[in-house]
Amino acid sequence: MTTIPKSHPRLNSLLIREKLVNGFDNNLVAKEGLLAHGRGEAFDYLIGEKTSKSAKEAIKAAAIMLKNAENSVISVNGNFAALCPKEIIQLAKNTDSKIEVNLFYSTEKRKKAITEILKKSGAKEIFGLNKKSSIKLSGIDSARRIVDKNGIFSADVVLVPLEDGDRTIALKKAKKKIITFDLNPLSRTAQTADITIVDNVIRAMKLLVKESKKSIRGNSKYNNKKNLQVSILEIKKNLERQAKNV
Ligand code: ATP
């Protein structure tokens, strides 16, 4: 473990990076996951490393969607498990959602490491582990299309964090409502999802857990396209502010 001075101006971002690196050393995170995190970090820099107003709106809408779902599933990959295992369990409890381990770069070793950390954090039942109940989504290639028959395959709402565009599109084609966390408001996933939370998952999950404790039911007037436009404008404003200080 590295020692990061408490006074470091980017302490939070370095602590998050350390979680990912530890996750990589413990077989949770794939090499590609580290690269995806790097892309996320760059966008986090642009949004000012804090939760924006538009992200708070998306978080509220996500809590409503999860609480109104018939059969919601939280899809877990290595980065998500390394960054916020406790919040995954808390959110599943608050919203009565299932948890499915679903990996872009799937290996048995990584699946096992992710399962262990989820169980250690309090997960009772985890989907996506039993080959007998796996089924293929159409429209995408390779391991990415394999989902659990009793998990994502039969879900109406799926929370897919830090997801790749092809899979998000395939899930939409399969008529799922999609909630995602993506620091990049321009990614295909961000643009395809029904609710895109443009924030670091480590900050946003804490807020989503808090929001999902409230007894919210009914429809929200949330519009993802409009919200994404606002989040892009928030980045622009932040950059303009910074430009004045150069
Ligand atoms: P797409 O295929 O959707 O166009 P992409 O090619 O950028 O996007 P990936 O690299 O597979 O997709 O996904 C990584 C995404 O996750 C990136 O958009 C990145 O901004 C985002 N991301 C990475 N780390 C985090 C994080 N900690 N919190 C939120 N989003 C993150």
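Residues numbered from 1 in each chain as written. Predicted model: local features only at pLDDT ≥ 70, side-chain atom pairs only at ≥ 80, totals over all residues. Heavy atoms only, no water.

- If you look the chain up in an unreviewed UniProt entry, it shows as 4-phosphopantoate--beta-alanine ligase from Candidatus Nitrosomarinus catalinensis.
- The Subunit (unreviewed entry) comment attached to the chain in UniProt states, word for word, "Homodimer."
- Recorded in UniProt for the chain, the comment headed Function (unreviewed entry) runs: "Catalyzes the condensation of (R)-4-phosphopantoate and beta-alanine to 4'-phosphopantothenate in the CoA biosynthesis pathway." (UniProt positions renumbered as here; feature names shortened; annotations may be inferred.)

## Overview of the UniProt feature "binding site: ATP" (unreviewed entry) in the chain
Then, number 1: Under the local residue numbering, the UniProt record ascribes the feature "binding site: ATP" (unreviewed entry) to Arg17, Arg39, Asp182, Leu183, Asn184, Arg188, Thr189, Asn200 and Val201. The largest pairwise C-alpha distance within this set of annotated residues, which runs over 185 residues, is 24.1 Å, so the set is dispersed in three dimensions.
Then, number 2: With respect to the element layout, Arg39 can be found in helix H2 (residues 31-47).
Then, number 3: What makes Arg39 exposed here is its relative accessible area of 58%. (Helix = DSSP H or I, 4+ residues; strand = E, 2+ residues; numbered from the N terminus. Buried < 20%, exposed > 50% of the residue type's maximum accessible area, 1.4 Å probe, protein only.)

## Brief notes about helix H6 (residues 108-120)
Then, number 1: Relative to the 18 Å expected for 13 residues at 1.5 Å per residue, H6 spans 18 Å between its end C-alpha atoms, a close match to the ideal helical length.
Then, number 2: Looking at the buried positions of H6, the neighbouring elements they touch are strand E1 (72-76), helix H4 (78-83), helix H5 (85-95) and strand E2 (98-101).
Then, number 3: Gly122 sits one or two residues past H6 and shows a positive phi near 115°. (Expected span 1.5 Å × (residues − 1). Contact = heavy atoms within 4.5 Å.)

## Overview of a nonpolar patch on the surface
Then, number 1: On the surface, Tyr45, Leu46 and Leu239 cluster together into a nonpolar patch covering about 260 Å² of accessible area.
Then, number 2: Here Leu239 shows up in helix H10 (residues 224-244). (Patch = residues over 30% accessible without salt bridge, like charges linked within 9 Å, V, L, I, M, F, W, Y side chains within 5 Å. Areas by Shrake-Rupley, 256 points an atom, 1.4 Å probe, with all protein chains shown as cover. Salt bridge = Lys/Arg side-chain N within 4 Å of Asp/Glu carboxyl O.)

## What about unusual backbone geometry?
Then, number 1: A positive phi angle is found at Leu162, which is not glycine, with a value near 45°.
Then, number 2: Residue classification places Leu162 among the partly exposed residues on the basis of a relative accessible area of 34%.
Then, number 3: The backbone of Lys175 shows a phi angle near 70°, a positive value even though the residue is not glycine.
Then, number 4: With respect to the helices and strands, Lys175 occurs in the loop between helix H7 (165-173) and strand E6 (177-181).

## Focus on the sheet that holds strand E5 (residues 157-159)
Then, number 1: Read across the sheet, five strands follow the order E2-E1-E5-E6-E7 without closing on themselves; strand pairing throughout is parallel. Since the sheet does not close on itself, it has two edges, and those belong to E2 and strand E7 (195-197), each with one partner. The average angle at which neighbouring strand axes cross in this sheet is 20°, direction not considered. (Pairing = 2+ DSSP bridges. Axes fitted to C-alpha atoms, helices over the stretch in contact; angles between N-to-C directions.)

## Here we look at the pattern of salt bridges
Then, number 1: Counted under the stated rule, the structure contains 12 salt bridges.
Then, number 2: One salt bridge in this structure joins Lys172 and Asp194, with 2.8 Å as the shortest N-O distance. Here Asp194 lies in the loop between helix H8 (188-192) and E7 and Lys172 lies in helix H7, a separation of 22 residues in the sequence.
Then, number 3: The network of salt bridges with shared partners includes Asp44, Asp199 and Arg203.

## Focus on the packing of helix H3 (residues 53-68) against H10
Then, number 1: Two elements in contact, H3 and H10, have axes whose closest approach is 8 Å; the angle formed by their N-to-C orientations is 155°. If you check the angle between H3 and H10, you find them roughly antiparallel. Of H10, the residues touching H3 (which contributes Lys53, Ser54, Glu57 and Ala58) are Asn227, Val230, Ser231 and Glu234.
Then, number 2: Residue composition of the contact of H3 with H10, grouped by class: two nonpolar, three polar and three charged. (Parallel < 35°, antiparallel > 145°, perpendicular 65-115°, else oblique. Nonpolar A, V, L, I, M, F, W, Y, C, P; charged D, E, K, R; others polar.)

## With respect to the site of the ligand
Then, number 1: Around the ligand, the surrounding shell holds 18 residues, and the nearest of these are Gly165, Asp182, Arg188, Thr189 and Val201.
Then, number 2: Contact between the ligand and Asp182: an oxygen atom at 2.8 Å from a side-chain N or O atom of the residue.
Then, number 3: A distance of 2.8 Å is found between an oxygen atom of the ligand and a side-chain nitrogen or oxygen belonging to Thr189.
Then, number 4: Here the ligand has 630 Å² of accessible area as a free molecule, and 88% of this is covered by the chains.
Then, number 5: Those elements that provide at least two residues to the shell around the ligand are H2 and H8.
Then, number 6: At four residues, H2 tops the list of elements feeding residues into the shell around the ligand.
Then, number 7: In the shell around the ligand, the residues fall into five nonpolar, seven polar and six charged. (Near = heavy atom within 4 Å. Polar contact = N/O pair within 3.5 Å; in protein donor to acceptor, adjacent residues only side chain to side chain.)

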